[in-house]
Amino acid sequence: MTALDKPGERPVRHGDAVLIGTALVRIGWPLQQLSRRSGYGRHEITRWMRQGGMPEPFRAWLIARQAVHVRYPSPLAITVRPGGNRPPLGRWGCCGFSW
C-alpha cells in the first residue's frame, strides 16, 4: 500500500474501468448521477476508472444495481408486477370497465 492509497481500497485492477463503464451504459446514468446515488465523489470514481483500486462495498453495490437495471430496464416493463391486491386496470386505464 502506498501513501496515495486509501484504507479499504483494493490494489489496482484493470477490470475496474470496464466494470464501471459497462455499468454506466447498462444503467443509463451519467457519471454525476452514479456519484450522487452511490455517495462517492465523481473524482474518486474517475480515479478508480483510471488507476483501479475500487473498494469492495462500491463494487458489490454497482454489480447489484447493474443486475436490477438489466432485469427491470423500465418501471413500466412487463416484468414489473404491480403491488397490492387491486384488479388490473381496464382498457382505458381506469375503474376496471370499458366504455
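That block above? That's the structure.
A few points on the structure. (Residues numbered from 1 in each chain as written. Predicted model: local features only at pLDDT ≥ 70, side-chain atom pairs only at ≥ 80, totals over all residues. Heavy atoms only, no water.)

Considerations on the pattern of salt bridges
According to the stated counting rule, one finds 1 salt bridge in the structure shown. When the shortest N-O distance is used, the salt bridge between Asp16 and Arg59 registers 2.2 Å. Placement of Asp16 in helix 1 (residues 15–27) and of Arg59 in helix 4 (residues 56–71) is noted, with a sequence separation of 43 residues between them. By relative accessible area, Asp16 is classed as buried at 1%. Overall, the relative accessible area of 10% leaves Arg59 in the buried class. (Salt bridge = Lys/Arg side-chain N within 4 Å of Asp/Glu carboxyl O. Helix = DSSP H or I, 4+ residues; strand = E, 2+ residues; numbered from the N terminus. Buried < 20%, exposed > 50% of the residue type's maximum accessible area, 1.4 Å probe, protein only.)

Quick look at the packing of aromatic side chains
Two numbers describe a pair of aromatic rings. These are the distance of the centres and the angle of the planes. Under the defined criterion, the tally for this structure stands at 4 aromatic pairs. Aromatic side chains Tyr40 and Phe58 sit 5.2 Å apart centroid to centroid with 80 degrees between the ring planes, which places their arrangement in the edge-to-face category. Taken together, the positions of Tyr40 in the loop between helix 2 (31–38) and helix 3 (42–51) and Phe58 in helix 4 put the pair 18 residues apart, joining distant regions of the chain. Here the aromatic rings of Trp48 and Phe58 are separated by 5.0 Å at their centres, their planes lie at 50 degrees, and the arrangement is tilted. Taken together, the residues span a long stretch of sequence, with Trp48 in helix 3 and Phe58 in helix 4 at a distance of 10 residues. (Phe/Tyr/Trp six-rings, centres within 6.5 Å; stacked < 30°, edge-to-face > 60°.)

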